Amino acid sequence: MTTQDPKELLKLKHEQDEEKRQFTSFARAVSEDGEVEAGQEFSHDRVPDDQNRMKSVENRQN
């Protein structure tokens, strides 16, 4: 196991946080008005995923 400098880890975390912020800003700019309204991401009128359904059936049988 390697030991890492806490200051270096904090610096890396800040860099990752900045990258995430930039990506979020970019994604919002690209999607503009196409953003999903709150609650719609859990819509129940979508087509079910057969692969996940079959895996659930398989897991119940074991």
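This report concerns the structure included in the present document. (Residues numbered from 1 in each chain as written. Predicted model: local features only at pLDDT ≥ 70, side-chain atom pairs only at ≥ 80, totals over all residues. Heavy atoms only, no water.)

Each helix and strand in the protein chain was counted, giving 2 helices and 0 strands. Carbon and sulfur atoms provide 52% of the accessible area of the protein chain, an area that totals close to 6,600 Å². (Helix = DSSP H or I, 4+ residues; strand = E, 2+ residues; numbered from the N terminus. Areas by Shrake-Rupley, 256 points an atom, 1.4 Å probe, with all protein chains shown as cover.)

Our focus in this paragraph is helix α1 (residues 6-31). Over its 26 residues, α1 runs 37 Å from end to end, which matches the ideal 38 Å to within 8%, given 1.5 Å per residue. After α1 finishes, the residue E32 shows a positive phi value of roughly 40 degrees. (Expected span 1.5 Å × (residues − 1).)

For the rest of this paragraph, the subject is the pattern of salt bridges. Counted by the stated rule, this structure contains 2 salt bridges. A salt bridge links R21 to E18; its shortest N-O distance comes to 2.6 Å. Of this pair, R21 and E18 are both found in helix α1, 3 residues apart, which corresponds to roughly one turn of the helix. (Salt bridge = Lys/Arg side-chain N within 4 Å of Asp/Glu carboxyl O.)

A few words on a nonpolar patch on the surface. Nonpolar side chains collect at one region of the surface, where F23, F26 and V30 lie side by side and expose about 350 Å² of accessible area between them. Checked against the element boundaries, F26 lands in helix α1. (Patch = residues over 30% accessible without salt bridge, like charges linked within 9 Å, V, L, I, M, F, W, Y side chains within 5 Å.)

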